[in-house]
Amino acid sequence: MINLVRSVSVAVALTLSLHAQSASFTFFGNASGETSFGQQLNVTGSPQLGSTFSVGVDYLNPPGVCLQVITPYAVWLVLGLSNQSWLGVPLPLSLPQGFNLLVAADSVVQTAVISSTSCPPGSLTASGPSFPIPVPNNVGLLGLQVHTQILMARANVPPNAIIVPMATNGGTATIGF
């Protein structure tokens, strides 16, 4: 009988703790580098177990004038388990390219995006590149926090040109129900 009561108590405690963790996404830090477009991280969906949410770029200050020229951009999604330090180095880390790294670069996803103008991809529509992030349906991930940031740079910059890359603010996804 005692074992039955103990088993029921453990099951109730596990159920209560599993339901207590809700999925969330919060923002931190500031955009850096070339910030005249006001690039900010955005999120669509929620980091829930067994679902997919997306992290992308919004522009608060869409440009007034852009040249009609094909412009390739390299875009990186940086994912990390910390926004305090990376490899023993405190964050944010001011990089020589002119922007701040806000999250540990534990995993980096790169893509190339073509803009039909001289302005950053999506800046004329106020919405830029986006990355879908699937969350496995594994209760062991409940409460895990993953920090994100998106970096962008023109890919066809002449060697003597000084064009500062763009970095968004950071975001923290907390995995939950």
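To start, this report covers the structure provided alongside it. (Residues numbered from 1 in each chain as written. Predicted model: local features only at pLDDT ≥ 70, side-chain atom pairs only at ≥ 80, totals over all residues. Heavy atoms only, no water.)

1. Quick look at the overall build of the protein chain
Right, on to step 1. From N to C terminus, the protein chain includes one helix and 14 strands.
Right, on to step 2. Split into buried and exposed, the 177 residues of the protein chain put 38% on the buried side.
Right, on to step 3. Long-range contacts, defined here as pairs at least 24 residues apart, represent 76% of the contacts in the protein chain between residues at least 6 apart.
Right, on to step 4. Here the protein chain has roughly 9,500 Å² of accessible surface; of this, 61% comes from carbon and sulfur atoms. (Helix = DSSP H or I, 4+ residues; strand = E, 2+ residues; numbered from the N terminus. Buried < 20%, exposed > 50% of the residue type's maximum accessible area, 1.4 Å probe, protein only. Contact = heavy atoms within 4.5 Å. Areas by Shrake-Rupley, 256 points an atom, 1.4 Å probe, with all protein chains shown as cover.)

2. Some remarks on the environment of Leu 91
Right, on to step 1. Relative to the assigned elements, Leu 91 resides in the loop between β7 (89–90) and β8 (93–94).
Right, on to step 2. Considered as a pair, Leu 91 and Leu 102 are 11 residues apart in the sequence and their alpha carbons are 5.8 Å apart.
Right, on to step 3. If sequence neighbours within four positions are ignored, Leu 91 has contacts with Ser 82, Asn 83, Gln 84, Ser 85, Trp 86, Leu 101, Leu 102, Val 103 and Ala 104.

3. Considering unusual backbone geometry
Right, on to step 1. Residue Pro 92 is reached from Leu 91 by a cis peptide bond, and omega for that bond is 5°.
Right, on to step 2. In this structure, Pro 92 sits in the loop between β7 and β8.
Right, on to step 3. Residues other than glycine seldom take positive phi values, yet Leu 87 does so here, at roughly 55°.
Right, on to step 4. Along the chain, the position of Leu 87 falls in the loop between β6 (85–86) and β7.
Right, on to step 5. Its relative accessible area of 75% is what places Leu 87 among the exposed residues.

4. Here's the deal with the sheet that holds strand β11 (residues 127–134)
Right, on to step 1. Across the sheet, which stays open at both edges, the three strands sit in the order β3-β4-β11 with antiparallel pairing between neighbours. In the strand order of this sheet, the two ends are held by β3 (39–44) and β11, each with one partner. Here the strands of the sheet are splayed against their neighbours by 20° on average, with no regard to which way each runs.
Right, on to step 2. Where β3 lies against strand β4 (residues 52–59), six bridges are found, and the strand directions are antiparallel. (Pairing = 2+ DSSP bridges. Axes fitted to C-alpha atoms, helices over the stretch in contact; angles between N-to-C directions.)

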